[in-house]
Amino acid sequence: MQKAHLFFLFCLMILSAGCQPDYFFDKTEEIPNDIWTYEYQPEFTVEIEDTMALYDIMINIRHTRFYGYRNLWVYVHTLMPDGEKLENKVELPLSEPSGRWYGNCSGDICFVQVPIQMKAIFKEAGSYTFRIQQYMRVPELEHILGVGLRLEKSGERP
């Protein structure tokens, strides 16, 4: 019976590994002292080589259940390989109107990935730097534990 159980677990691991999204980049930075200030702006540099691929871009947020808002406003600053700069103000919804948190919560810690651009196109190969700045009305945003960036390949350009 033990061999059958081990075989079943092995098959389950293989199947679940095959179902994982084709993530290209995934990194989360810890927020110092769990207080996200205007000054702390995590940066993520991504090397893009495949300009024919489409990418889904998401922001990772780790927060506690004590976070006092239903959303989080951020600026996403993007530096392109050619030096061009983009700045987008983005709302990241974190909970339903009822107060139920999106994502996965375990104990007092919640983790959510919020899509900010689906099927994004990177026109040229090279280094792209994304800088994420909190843009709430308070200069010291409590109960944010980490912020990150995730890119997943989502197909090919037509």
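Before any of the text, the structure's been laid out above.
Bear in mind that the values here come from a model prediction, so they are computed numbers and not experimental data.

So, how was this worked out
- Residues numbered from 1 in each chain as written.
- Predicted model: local features only at pLDDT ≥ 70, side-chain atom pairs only at ≥ 80, totals over all residues.
- Heavy atoms only, no water.
- Pairing = 2+ DSSP bridges.
- Helix = DSSP H or I, 4+ residues; strand = E, 2+ residues; numbered from the N terminus.
- Axes fitted to C-alpha atoms, helices over the stretch in contact; angles between N-to-C directions.
- Polar contact = N/O pair within 3.5 Å; in protein donor to acceptor, adjacent residues only side chain to side chain.
- Contact = heavy atoms within 4.5 Å.
- Salt bridge = Lys/Arg side-chain N within 4 Å of Asp/Glu carboxyl O.
- Buried < 20%, exposed > 50% of the residue type's maximum accessible area, 1.4 Å probe, protein only.
- 1 Å grid on protein atoms, 1.4 Å probe; cavity = no way out; pocket = protein on both sides within 12 Å on 5 of 7 lines; lining within 4 Å.
- Points joined across faces, edges and corners; volume = space filled by probe spheres on them.
- Nonpolar A, V, L, I, M, F, W, Y, C, P; charged D, E, K, R; others polar.
- Phe/Tyr/Trp six-rings, centres within 6.5 Å; stacked < 30°, edge-to-face > 60°.
- Lys NZ or Arg CZ within 6 Å of the ring centre and 35° of its normal.

A. Structural context of the sheet that holds strand 4 (residues 53-64). Read across the open sheet, the five strands follow the order 1-11-4-8-7; overall the sheet is antiparallel. The sheet terminates laterally at strand 1 (23-30) and strand 7 (104-106), the two strands that pair on one side only. Between one strand axis and the next, the sheet turns through 15° on average, direction left out of account. The pairing of strand 7 with strand 8 (residues 109-121) spans three bridges and is antiparallel. Bridge pairing links Cys 105 to Cys 110 in strand 8.

B. Molecular detail of the side chain of His 77. By the secondary structure assignment, His 77 is in strand 5 (residues 71-79). A polar side-chain atom of His 77 sits 3.1 Å from a polar atom in the side chain of Glu 87. Excluding residues that lie within four positions of it along the chain, His 77 makes contacts with Leu 86, Glu 87, Thr 129, Phe 130, Arg 131 and Gln 133.

C. View of the pattern of salt bridges. Across all of its chains, the model carries seven salt bridges by this definition. The partner of Arg 150 in a salt bridge is Asp 26, and the shortest N-O contact between them spans 2.5 Å. Highlighted residues: Arg 150 in strand 11 (residues 144-156) and Asp 26 in strand 1, separated in sequence by 124 residues. Assessed through its relative accessible area of 8%, Arg 150 is described here as buried.

D. Broad picture of the layout of surface pockets. Each pocket or cavity is described by its volume, and for the largest pocket that value is around 420 Å³. Residue lining of the largest pocket: 18 residues in total, with Thr 78, Met 80, Leu 86, Gln 117 and Ile 121 positioned closest to the centre. The element that contributes the greatest number of residues to the lining of the largest pocket is strand 8, accounting for four residues. Grouping the constituent residues of the lining of the largest pocket by class yields eleven nonpolar, three polar and four charged.

E. Structural detail: the packing of aromatic side chains. Summed over the entire model, instances satisfying the criterion amount to six aromatic pairs. Taking the centre distance of 6.4 Å and the plane angle of 50° together, the rings of Tyr 67 and Trp 101 count as tilted. Of the two residues, Tyr 67 is situated in the loop between strand 4 and strand 5 and Trp 101 in the loop between strand 6 (85-93) and strand 7; the sequence distance between them amounts to 34 residues. In this structure, Tyr 67 and Trp 101 share a single accessibility class: buried. For the ring pair Tyr 75 and Tyr 135, a centre distance of 4.5 Å and an interplane angle of 55° mean the geometry is tilted. With Tyr 75 in strand 5 and Tyr 135 in the loop between strand 9 (126-134) and strand 10 (140-142), this pair connects stretches of sequence that are 60 residues apart. Among the aromatic residues, those joined into a cluster by ring pairs are Phe 24, Tyr 55, Phe 122 and Tyr 128. The positively charged end of Lys 89 is found above the aromatic ring belonging to Trp 73, 5.7 Å away from the centroid.

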